[in-house]
Each structure stands twice: as structure tokens, then as C-alpha cells.
Amino acid sequence: MTQVTPTPREPVKVEPIQPEPTRDTPTHAAPAPSRPIGSPQRQPAAAAVEYAIIDAIRRGETPAACVHDAARAEDHVLNVQNFNLWYGAAQALFNLNFEITRGKVTALIGPSGCGKSTFLRSINRLNDLILGVRTGGELILNGSPVYAPDVDVIDLRKRMGMVFQKSNPFPMSIFENVVYPLRIDGERRKSVLRDACERALRGAAIWDEVKDRLNESGTSLSGGQQQRLCIARAIAADPEVLLMDEPCSALDPIATLKIEELINEIGQRFTVVIVTHNMQQAARVSDYTAFMYLGRLVEFGPTAEIFQNPLLPETEQYVTGRFG
Amino acid sequence: MTAATPINRPGDRPQKRRTPLAVRGEPMLWLTGMALTASIVMIVALLAAVLLNGFATFWPRDIHEVRLSDGRMFLGVPTREESYDPGVDRLAELRERGADLPPGSLDEEELPVRRLYRVGNKEVRGQPFEWVDLLSIESVSFPEDAVLLERTQWGVWLGVPEAVLLKEEKIVPPGAPLEGTTETPYGERRFEREIIEETDAGVRVVERVWVAESTEETWEALPAMHADAAARRAELLRLNKHEVGYINLRLERARLAVRTAEINHDRGRIDDAALARARAEFESRSAELQAEYDELLGTIRAKAAIDDRYRIIVRDPGTGAIAPRAQTEPDEPLLISQIVRYVRANSLGAGGRVGVYLDRWWEFLATDPREANTEGGVFPVIFGTVMMTILLSIVVVPLGVIAALYLREYAKQGVVISAVRIAINNLAGVPSIVYGVFGLGFFCYTLGAWVDNGPTNPWPMGLWILGGFGTIAIMVGAAFVSHIGRPKPGRPVGSRDRILGWAAGGLWIAAVALVIALVTYAPFFGGFFPARTTFGTKGILWSALTLALLTLPVVVVATEEAITSVPGSLRQGSYGCGASKWQTVRRIILPGALPGVMTGMILAIARGAGEVAPLMLVGAVKLAPELPFETHFPYLHLERSFMHLGFHIYDVGFQSPDSEAARPVVWTTTFLLIVVVVALNLAAIGLRARLRKRAAGGAF
């Protein structure tokens, strides 16, 4: 693999504009062809021409995704093959095809409701908890299918860690929070639990802050600490892939900064899939970026390429904040 | 103001009148405030009435020596006063006298006032209470020596003590002195003997040793003698109740054993030899116990004879009668050990009164009731109430929590579950007596009878075994159908899934019904107590179960709410870590819901502890001679009926032969019931606070 990994906190040229959520509901939205996308005041002309793929998606078509050659990894953790997902009658994911590279951070970006989180939750089958969800196609995690009929979902989830949008430490001690995945796996040996706890807390860069208060409640920590505690919990059982669902969206800028540093660090050891709303964050922390829209994959490639030299004009418009 | 002015300046807008009252909502504020005030006033008034009366009951009051204008005289303790209508003629006469009457003898409405005196001395007076018109009282004095005796029988006696003596019938050698001095435990005292008859063995005499011969001497001697007498009484009570009781218990067990053997023999379960062995065993055992009993009886008689010597003469100045040992022997002086407490009220200082007051409270809380529950204590009543409530919470909390867990966590939310939920909520509105009837019919007479005697019409063994295999087959089938019918994640729920789901549900219900039938009609089960009705009647266990049923909705609703309030993010986090549903329930949801569960338990206790109506049918009785807990094996007797504070209030207040004497006890019992409920609630609240702290502190 030869693509350039963006150095942390040396952002690629990105306009510091948070993309606003789209107003039109995307899942089964009827296309509004008369109104061009993006902000017409800034780009009055050329819109209709440039957004060919987006328009096609809005019409309900599923054009083939633009996947960079550099993103076609040989050593991948997760292989997404024609993956579809329905909430009842409404389809939320359309024919996704891409690969998640081992040992790299992959960011999923796109406007609200584009299916980023849904896809993330499909990987560890958390969507099973929602009544009426069904899927088509397959996800292959390290060679074993995720959606095969004989898959043990409990065991499958143990192979992954997940960090949620809102930090959700359990109402237990910090120690018990971290070793929870081991406990439910039946681990009882104190020494093993203690080692795992320390390793995970060090890995989540929170060990020095909590090492003297492991018996205090996890809920007594500050917001950023809670989220790092959740990250520690997610990595405690050495997951094959770490799923992060907008891990910083509920945090203040300083806590966000710490988590981003942490993701950079964790990215050295784990495969991370991160969903984010924040373009700069994606640019700062990820190696690969997938741009999704209305349940379709639009463009997928190395982060530097996506942000500096995207193949599709709509990707450029999106990452520079002019549409979204 | 012109229409063109774009900006509002002060004064631009027309001056409007003030916002109307109704708009500002002021009247609603008054209304809500009034409603709250009314509620609080009612509650406080009720509590104040209970507290005042409950606390005042045991305060020792002065003893009046009342002389009436018709020459009668008596000792009495004033209880209360009221104005009354003495009839038209008397009223007219009183109005005529008007100004001549002493002030205070008529109330504001010019009605005469009467006073209720507790006069006691039921043996000679018949009525222990007497109304006296204040106008008919000539004088009231407070004699120093008047005493109120609280006796073990026949209520109180009011009188003046005259002497203390040791009285005994004995045979002395002929020519023995008829007067002299002798040694007593209280010093050397004068004795006199009265000859009844002369026999060959000697002279049968009644000997009286005068320990105290005047009122003053009596007051001196009495404290020590009464303490000794109380010890003797306690010892006799212990022997009679516990020692004899224990022998009886073992005798009854032996009898039951042989009776069980006979029943089993009739049913063909044991052979003749075994029956003979059982009978022989019983014979030897009962002979042994009889010997033990005879010996014990000898001891008891000897002790009772000694106790019988210590007498006190307390004379009622009104009638001249002395307090008798028994109603049929008016000349035999009272035994000192028959006195529970003597109160020389008029000469007691404040400290002494407080002492009597506390002593009475202690007696009330720690001893058994006497005299149809109107005197003595309520210890077994408190014990029964608390034990029943604890049993009830032990039953209802797990049941309610499990039911709520299934309803909230496992069941698919839909029409059926909504119907179940509504039905459970409606159960809370069923009149409690209906639960009582159900408890009596199902728990006592059906379940209890089954426990005692086994099935009434058991299935033949062949059919039963066949049924057993059938049940296993249905269970396996049900498990299989539920497995293949479980909706697959990622695939839509089809009609096939639905049909399989219903089929699995039906099969499970059939399997459960069959298991119940198999247990109910088991041919080899002959009951645990075939020889005597044990569980097949009222009992504390059935009461607890009935009230558990009654309070189940409260716990289910509270637990459901608590489970719902556990944040979804925690569940997701747990599932995300790879926890199964049960692990999530067990480690995240239940600990999070525990405070809410405790709230449900508190509500259940509050409801259950105060409930009376169903208990009248399934377990509470007027007088339970034995507690449901005792100090020898098997300790717990859940089959026994028990006493309950709520029922006690009803019984003493409305079923008592002597309602005036019972009145104070009703107040104190009510007060006690409130205290018990509050204490149980506080305990549960404390537990909840601890759990919350543990949950927050994370010391799991």
C-alpha cells in the first residue's frame, strides 16, 4: 500500500464548515430534481451537471461506487459484498461493496441519515435488536461470514468492540466497566482481569487518571473520561475490529482532541471503523474514507485522496462543505 | 402610533388592562393549594388523634374516692366526661334550679355532664365501668392508700391494701401452739392457727402468718414480695407452657407417626409387621413421655402450692369485699402472684408515674394478651404481622420481578401483552375480600389439602407414567417448534413464523398444564400430613401467598417502570460487548432497576401490612396460642394461624365483651400498626438507599 496517510492534526485543506444535515429525509426520499443540491447562492451554475451521481441516487438508482484502486486492500479485515439492509419495507443500505483494510482507520462520512451508523451496526449485528430489520448480501469478517444462518451472534459481537455516540459507562466501578467483556465471557481469574484492565486503560490513555480510583463508579468521571473509559472497555477483549459511532459528537473540543489523539494511537494496533459527522476529524484521524449518500457508497479511497483529490465532484463539494 | 412606524417604542402600544386573573391561572393555584391543605389536615388530624390517644392510654391517673349524694361510695379512675340528655322531667328540674347549681355541672347547652369511672372489681360490682352524673357527686377525695391492681384475671381491682399473709392448710401435731412466731422469708412474723378438724394424723389447721398487718406495713413489704411472686408466676408459666408444651408436642408427634402408619397400612403401603412395630414404638414412647409428664406435673403442683400461700388482702371500701382468689371464693384473699402490677396512683410522683407508664408500654409490647385481648400485651400480634409481611415480600418480589422481566424484556410487545398488562393492572382493583375467598378455596382447601393428604383421586400408575412420557414428548416438541419458529434476524417475520410461534406457545402451555396435572394426581404421593389437618386450613403461609397475589400488580408495575427507565444506551453497550440477553438483564438491567423494584416492594408492604379482610378468611385469628416460630425443631410453623394487628384492632374494638376496657387498647394497637408499617417501609427505603449508593459507588 502506497497511499499517503495524513499526519495527525496537520489537516488537509478543508474549509472549517460543519456540514448541515440535509432537510429532505434521505431513506426513501422522492428526488427533487428541480432544486439543485448544495447551496445555490454560492454555486448557482454547474450544479445540475456536476451532481450526476447524486441525482441518480436521488432518483432511486444505485450507481456503482467510485472506489480508488489504492483502497482495494489485499489484507482486509472486513469484506462487504453486495450488502443491503431494510427497515421493514424501507431500504436503508444499497448494494455496498468495499473492503476495510487491516490495521487502518476507516472513516465513514456523509450527511445525516445516509446509513453510516446503520452500516456500522450491521457489522456487529446490533441491528438484530430492531424488529423488522432484514439484510441481503454478505459481510465477511476475517474470512467468516457475519450473516450466515449458523453464526453465533453473541460470539460474533465478542470479536468486535463498539464505542457509541453518547458515552455509556455501566453503573459499576471503573474496573468492572473495563473488564465487562471478559466477565461475560466467563473470565474469573483476578490476575487476568487486573492485567486486562490495566492494559485497556493504558491503551485508552486514561490509566494515569483513574489508576487510584478503580473502585469508583464509572459514571463519576467527566464526559471525555467516560468516553475514553468506553473505549477502554471496547478494546479490553482485543477486538478484531473496533467500531466507533461518532465518538466525539457529545464532547467539548478539548475532550474531542484527546479522543482523536487516542484514535490515532489505537489505529496503530487495531482496525478501526469510525463514523463521523466532522470532516476535519475524518481527515485528521483516518487512513481511508468512505463517502456515503442515501444508503449508497459514493466514493471510497485513501483519506488524502478523498479530501485533496477526489475523483467525483460531489465528493469535493461535500468535503469542502459546500453541499451536504 | 402610525402604521408606518416599524419599531415599537415604549408607549407605542396601546395601554392594555392587566392580564385577567383567569389567564394568569391564579385561581388554579388557590384550588391546588386548598386540595393539598385539605389532604394534609385530614392526615395530620388522623395521626394526631391516634398519637394522642395511643400515648395517653398507659398514663397512670389519679384514683378518686367518690361519695355520692345517695350515700354510696366507691373508688374509681375517671375515664372521660360527656354531656347527656337525662330526660325531659329531669332537665326541667335542672333548669329550674339553674343558678343554685355548682358552676361547671352544666355545659354550654345547659345539659348535665356525666363522668365515666373505671371502678373495676368485677366480681362484686358486675360492671367494671360506671357513669356518674356530676350533680350527684357529693365529694371527691384522693386517698393516699388507694391502689389499682392489674390482675391476671377479672380486670382491675380498686381498693385499699390491709395486710399480707402466708396462708396454708396444714396438719400439725396435736397440742401444737395455735399462736406464736415463725420464720418467713421476710423475717420473723406472728402466726395464728385455726383448727378445722382433728384427725388421727394430727390436727388439720389453717395457718396464717402475718407478714404485714396494717396498710403501712403492707406498703413496706409488698415490693419485695411482689417481685418474688412475679418470679414464681413466670416460672410456673414457663413450666406450664414450654415444658408441658414440649412433652405434648412430642406426644402428638408420636401419635401422628402411628396414625400415619395406620393410614399407610390401610392404603397398602406398609405391611402388618411395620404397623405393629410403629404401634409398639408409640406405646413405649408414650409411656416414657407420660412418666416425664407425671414428674413435671409433681414439680408444678409443688411450686403452685408454695405460690398459693402468699396472699394479700385488698378491701374495696365501697362494698367491704376483699379481692378474691377466684370469683367463687369471695373470702379467699388474692394471691400476690395474681397481681401483674399495682399502682398506688395518688401518692406517685412524676417519676413514679413515668416508671409505671414505661412499664405498661413494655408489657404491652413484650407480653401475650390476657382477658380476651383487652389486657396484657400484643407481642404475638406484632410478631405475626411482621412475619407475615416479610413472608409476603419474600414471595411477591421475585414473582413480580420475573413476571415484569418477561413482560418488558422478552415478550414481543403487542396486543396480547397489552391485554396481559391491563389484566394485571386491573387485578389491583379487585376487592381484597375476593382474594380472601380465593385464598381460602385454593390455597387452604385445595393446595393445603393436597399437601396434607396427597391427591384425592390419583391417576393409576400406568396412566401417570404414560402422561409423564407424553409431557416430555410435548416439551421436546415445544422446544423444537420454538427453535425453528424463532424469527431469524435479517429476515422478515413471515406467516410461517407466526404460526410456529403460536404453536410453540400452545405446546408450552399444554406442557405446563400437564406437569401441573402430573403433580396433582401423582399416585405415589400420600401427603405429608395424612394424620392431621396441617396445611389444609388457615395459616400464615396461605395468608402471605394470598396477600402476595393481592400486591403482585403493584410490584409488576413498579418493576416494569424501573426496567423501562434503564437507558437504552446501556443495553446497547452491553450487547455491543457481546453479552447475551440474560447477561444484559442480569448485569445491567436488574441492578439498574433494583431501586425501582424496592419501591414496588415498599408499596406492596404498605398495602399488604394494612390489609385485614382477606386475612380473616385465610389466617388471622383472635388468639393464636402459639407463635409461627418456636425454639425447637422445626422452628418455623408456616401452617399455624397467627395474630395480626389490623385484625386485632377489629377484634378488640368491635368483638370485645368489654368495649370500654378495650378502647384504649384499640388506640394503642392502631398506633402500633402505623409504627410497624412505617418501620417496615423505612427498612425498605434504607435498603433502597443502600442499593442506590452501591450502584452509584460501583462496589458490585
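Residues numbered from 1 in each chain as written. Chains lettered and ligands numbered in written order. Predicted model: local features only at pLDDT ≥ 70, side-chain atom pairs only at ≥ 80, totals over all residues.

A short note on the overall build of chain B
Stage number 1. A count of helices and strands for chain B gives 18 helices and 16 strands.
Stage number 2. Its C-alpha atoms give chain B a radius of gyration of 36 Å, more than 25% over the compact-globule value 27 Å for 700 residues.
Stage number 3. Projected onto its principal axes, the C-alpha positions of chain B cover 115 × 110 × 55 Å.
Stage number 4. The buried share of chain B, taken over its 700 residues, is 27%. (Helix = DSSP H or I, 4+ residues; strand = E, 2+ residues; numbered from the N terminus. Rg over C-alpha atoms; globule rule 2.2 N^0.38 Å. Buried ≥ 20, exposed ≤ 12 C-beta atoms within 10 Å, placed from the backbone.)

A short note on the overall build of chain A
Stage number 1. When helices and strands are tallied, chain A shows twelve helices and eleven strands.
Stage number 2. Looking at chain A residue by residue over its 324 residues, the buried ones come to 50%.
Stage number 3. Partitioning the intrachain contacts of chain A with sequence separation of at least 6 by distance along the chain shows that 72% fall at a separation of at least 24. (Contact = placed C-beta atoms within 7 Å.)

Let's talk about the confidence of the model for chain A
Stage number 1. Looking at chain A as a whole, its pLDDT mean stands at 81, while 84% of the residues score no less than 70.
Stage number 2. Mean pLDDT per element in chain A: helix α1 (residues 47-50) of chain A is the minimum at 48, and strand β9 (residues 272-275) of chain A is the maximum at 94. (pLDDT = per-residue confidence, 0-100.)

Quick notes on the sheet that holds strand β6 (residues 144-145) of chain A
All names here are of chain A.
Stage number 1. Pairing in this open sheet of four strands is antiparallel, and the strands run β3-β2-β5-β6 from one edge to the other. Pairing within the sheet leaves two strands with one partner each, and these edge strands are β3 (90-101) and β6.
Stage number 2. Strand direction decides the pairing type here: strand β2 (residues 76-87) and strand β5 (residues 133-141), joined by eight bridges, are antiparallel. Bridging across to β5, Leu 78 finds its partner in Leu 141.
Stage number 3. Packed on one face of the sheet, helix α3 (residues 116-123) meets β2, β3 and β5 and runs near 65 degrees to β3. (Pairing = 2+ DSSP bridges. Axes fitted to C-alpha atoms, helices over the stretch in contact; angles between N-to-C directions.)

As for the nonpolar core
Stage number 1. Grouped together as the largest cluster of nonpolar side chains are 162 residues, with contacts concentrated most on Ala232(A) and Ile235(A).
Stage number 2. Residue contributions to this core peak at 16 residues, all from helix α13 (residues 540-564) of chain B.
Stage number 3. Those residues in contact with Ile235(A) that lie beyond four places of it in its chain are Gly161(A), Ala200(A), Gly203(A), Ala204(A), Leu242(A), Ile266(A) and Phe270(A).
Stage number 4. Formed by 39 residues, the second largest nonpolar core is a distinct cluster that contains Val147(B), Leu158(B), Met225(B) and Tyr310(B). (Core = buried A, V, L, I, M, F, W, Y, C linked by C-beta atoms within 7 Å.)

Section: the sheet that holds strand β1 (residues 66-67) of chain A
Residue and element names in this part refer to chain A.
Stage number 1. Ordered by their spatial adjacency, seven strands build an open sheet running β1-β11-β10-β4-β9-β8-β7, and the pairing between neighbours is mixed. At either margin of the open sheet sits one strand with a lone partner, and together these are β1 and β7 (160-163).
Stage number 2. In terms of strand pairing, β7 meets strand β8 (residues 241-245) through four bridges, oriented parallel. Looking across to β8, one finds that Met 162 is bridged to Leu 243.
Stage number 3. Across the face of the sheet, α3 comes into contact with β4 (105-109), β7, β8, β9 and β10 (288-293) while running at roughly 150 degrees to β9.

A closer look at the packing of helix α10 (residues 432-453) of chain B against α13(B)
All names here are of chain B.
Stage number 1. Interaxial distance between α10 and α13 falls to 9 Å at its minimum, and their mutual angle equals 135 degrees. Compared by their axis directions, α10 and α13 come out oblique. In this structure, α10 crosses over α13, and the sense of that crossing is right-handed. Contacts between α10 and α13 involve Ser 432, Tyr 435, Gly 436, Gly 439, Phe 443, Cys 444 and Gly 448 on the former and, on the latter, Trp 542, Leu 545, Thr 546, Leu 549 and Leu 550. (Parallel < 35°, antiparallel > 145°, perpendicular 65-115°, else oblique. Left-handed = near helix turned anticlockwise from the far one by under 90°.)

Observations regarding the environment of Val378(B)
Stage number 1. Looking at where Val378(B) falls in the secondary structure, it is placed in the loop between β16 (375-376) and α8 (379-410).
Stage number 2. Distance in space between the C-alpha atoms of Val378(B) and Ala212(B) is 36 Å, their sequence separation being 166 residues.

What about the packing of α13(B) against helix α15 (residues 581-609) of chain B?
All names here are of chain B.
Stage number 1. Running from N to C, α13 and α15 cross one another at 150 degrees; their axes reach a closest spacing of 8 Å. By the angle class used here, α13 and α15 are roughly antiparallel. Crossing of α13 against α15: the hand is right-handed. Counted together, Leu 547, Leu 550, Thr 551, Val 554, Val 555, Ala 558, Thr 559, Glu 561, Ala 562 and Ile 563 of α13 and Ile 589, Ala 593, Pro 595, Gly 596, Val 597, Thr 599, Gly 600, Met 601, Leu 603, Ala 604, Arg 607 and Gly 608 of α15 form the full contact between these two elements.
Stage number 2. For the contact of α13 with α15, the class distribution of residues is 14 nonpolar, six polar and two charged. (Nonpolar A, V, L, I, M, F, W, Y, C, P; charged D, E, K, R; others polar.)

Regarding the pairing of strand β9 (residues 187-198) of chain B
Residues and elements named next belong to chain B.
Stage number 1. With respect to burial, β9 is a largely exposed element, only one of its twelve residues being buried.
Stage number 2. Bridge analysis of strand β8 (residues 179-184) against β9 gives six bridges, and the strand direction is antiparallel. Considered in β9, the bridge of Gly 180 is made with Phe 191.
Stage number 3. Between β8 and β9, which follow one another and run antiparallel, lie two residues.
Stage number 4. Across eight bridges, β9 lies against strand β10 (residues 203-212) in antiparallel orientation. Residue pairing for β10: Arg 193 is matched across the bridge by Glu 207.
Stage number 5. From the end of β9 to the start of β10, which pair antiparallel, there are four residues, and Gly 202 there has a positive phi angle of about 155 degrees.

Observations regarding the environment of Glu192(B)
Stage number 1. Residue position: Glu192(B) is located in strand β9.
Stage number 2. When residues no more than four places from it in sequence are discounted, the contact partners of Glu192(B) are Leu178(B), Glu179(B) and Arg208(B).

Quick word on the interface of chain B and chain A
Stage number 1. Counting residues at the interface gives 25 residues for chain B, matched by 31 residues for chain A.
Stage number 2. Here the side of chain B that touches chain A gets six residues from one element, more than from any other, and that element is helix α14 (residues 568-576) of chain B.
Stage number 3. Looking at the side of chain B that touches chain A residue by residue, the class counts come to twelve nonpolar, eleven polar and two charged.

Focus: the environment of Pro625(B)
Stage number 1. In this structure, Pro625(B) sits in the loop between α16 (613-618) and α17 (645-654).
Stage number 2. For Pro625(B) and Leu101(B), which are 524 residues apart along the polypeptide, the C-alpha to C-alpha distance reads 54 Å.

What to know about helix α9 (residues 253-266) of chain A
Stage number 1. Across its 14 residues, α9(A) extends 20 Å between first and last C-alpha, which sits within 8% of the 20 Å expected from 1.5 Å per residue.
Stage number 2. For α9(A), the secondary structure elements touched by its buried residues are β4, α6 (190-203), α8 (223-235), β8, β9 and α10 (279-285) of chain A. (Expected span 1.5 Å × (residues − 1).)

Some points on the pairing of strand β11 (residues 310-315) of chain B
Stage number 1. Where strand β7 (residues 156-172) of chain B and β11(B) come together, six bridges link them in antiparallel fashion. Across the sheet, Ala163(B) pairs through a bridge with Ile313(B), a residue of β11(B).

Some details on unusual backbone geometry
It is generally the case that most residues other than glycine have a negative phi and that most peptide bonds are trans.
Stage number 1. With a phi close to 45 degrees, Asn82(A) is a non-glycine residue in the positive phi region.
Stage number 2. Inspection of the secondary structure puts Asn82(A) in strand β2.
Stage number 3. Although it is not a glycine, Asn121(B) sits at a positive phi angle of roughly 50 degrees.
Stage number 4. Relative to the assigned elements, Asn121(B) resides in the loop between β3 (113-118) and α4 (122-125).
Stage number 5. Residue Asn121(B) is classed as buried on the basis of its 26 C-beta neighbours within 10 Å.

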